[in-house]
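# Survey of secondary and tertiary structure
Listed here are the chains, written in short residue letters.
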Amino acid sequence: ATLPANIRMINVDTTEHHWLYQTALLIGNELQQRRAGVDVLVDRICEALFIQILRSDDTLRDKPPGFLSALHDPILRPALQCIHSQLSHDWTVKSLAAQCNLSRSAFASRFQQKIGLAPIAYLTLWRMQNALCLLRDTPLSLTQIADHLGYSSDMALSKAFKRFYDEHLVQYAKQCV
């Protein structure tokens, strides 16, 4: 919902966007050579390419609240990086605010304004999205996933997962009526 309807990149051979052309060549070369690990490598390159394209699109700076608009906020960026890189850490509003050199209330207010969610609600959302992917796409046990996501046990993760998705299912059902 926070992505623009389209992102148009023109003149990719210019110095400013030369990286886009070079990345496309790299992807093409990898796909052509079909060496071991090509699928994983191309997936990762495409993820990086997507992020680079989003970073280069100035229209994202004026987007409504959401993760992408918050990425352009240099004050909130450290907290987002912490959440995304240290998911198992026991984050609190206070510890995330400290990463941004803000008071708890100033941080919580700015985060809510930019993301559209309270910091802990965003952290929970991110953990639950990761839990869903890990449960679906990996052979990890529930205990391993719980540990990776910062839950004290598989039971704690199960309860949080059920509560989160039950709540969102109810909200979705109300929208459909």
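See the structure printed just above.
On a predicted model such as this, the values are computed, not experimentally measured, just so you know. (Residues numbered from 1 in each chain as written. Predicted model: local features only at pLDDT ≥ 70, side-chain atom pairs only at ≥ 80, totals over all residues. Heavy atoms only, no water.)

Let us look at the packing of aromatic side chains. Counted by the stated rule, this structure contains four aromatic pairs. Between Phe 164 and Tyr 165, the ring centres sit 4.9 Å apart and the planes meet at 85°, which makes this aromatic pair edge-to-face. Judged by relative accessible area, which is 11%, Phe 164 ranks as buried. The rings of Phe 107, Phe 111 and Tyr 122 are connected pair by pair, giving a single aromatic cluster. A cation over an aromatic ring shows up here: Arg 127 above the ring of Tyr 151, its NZ or CZ 5.7 Å from the ring centre. (Phe/Tyr/Trp six-rings, centres within 6.5 Å; stacked < 30°, edge-to-face > 60°. Buried < 20%, exposed > 50% of the residue type's maximum accessible area, 1.4 Å probe, protein only. Lys NZ or Arg CZ within 6 Å of the ring centre and 35° of its normal.)

In this section: the state of the cysteines. Throughout the structure, instances matching the rule amount to zero disulfides. No disulfide involves Cys 82; its sulfur sits 7.6 Å from that of Cys 100, the nearest cysteine. (Disulfide = S-S within 2.5 Å.)

Look at Arg 34: it is not a glycine, yet its phi comes out positive at around 50°. By secondary structure assignment, the location of Arg 34 is in the loop between α1 (18–33) and α2 (38–56). Here Arg 34 falls in the partly exposed class, since its relative accessible area comes to 48%. (Helix = DSSP H or I, 4+ residues; strand = E, 2+ residues; numbered from the N terminus.)

Our next topic: α1. The end-to-end C-alpha distance of α1 is 23 Å, a good match for the 22 Å that 16 residues give at a rise of 1.5 Å each. Residues Leu 20, Thr 23, Ile 27 and Glu 30 constitute the buried set of α1. Considered in projection along α1, the buried side chains sweep an arc of 90° and stay on one side of the axis. (Expected span 1.5 Å × (residues − 1). Arc of directions from axis to C-beta.)

The residue Arg 127 is located in helix α7 (residues 119–137) in this model. Buried and unpaired, Arg 127 has Asp 90 as its nearest opposite-charge partner, separated by 5.8 Å. Apart from residues lying up to four places away in sequence, Arg 127 is in contact with Leu 87, Ser 88, His 89, Trp 91, Leu 149, Gly 150 and Tyr 151. (Lys, Arg positive; Asp, Glu negative; His and termini not counted. Salt bridge = Lys/Arg side-chain N within 4 Å of Asp/Glu carboxyl O. Contact = heavy atoms within 4.5 Å.)

The gaps of empty space that remain are located by a probe, the size of a water molecule, rolled over the atoms. Approximately 290 Å³ is the volume found for the second largest pocket. Taken together, 14 residues make up the lining of the second largest pocket; nearest its centre are Thr 124, Arg 127, Tyr 151, Ala 160 and Arg 163. Here the lining of the second largest pocket takes five residues from helix α9 (residues 154–176), the largest share from any one element. (1 Å grid on protein atoms, 1.4 Å probe; cavity = no way out; pocket = protein on both sides within 12 Å on 5 of 7 lines; lining within 4 Å. Points joined across faces, edges and corners; volume = space filled by probe spheres on them.)

Here we come to the nonpolar core. If you look at the biggest cluster of nonpolar residues, it comprises 26 residues, and the most contacted ones within it are Leu 96, Phe 107, Phe 111, Leu 149, Tyr 151 and Leu 157. Of all the secondary-structure elements, those providing two or more residues to this core are α4 (77–85), α5 (93–99), α6 (104–115), α7, α8 (142–149) and α9. Take this core: its biggest share by element is five residues, from α7. What Leu 149 contacts, discounting residues up to four positions off in sequence, is Leu 87, Ser 88, Arg 127, Asn 130, Ala 131, Leu 134 and Leu 157. Counting six residues, the second-largest nonpolar core is a separate cluster that includes Leu 20, Ile 27, Val 38 and Val 42. (Core = buried A, V, L, I, M, F, W, Y, C linked by side-chain atoms within 4.5 Å.)

These figures capture arrangement, not role.
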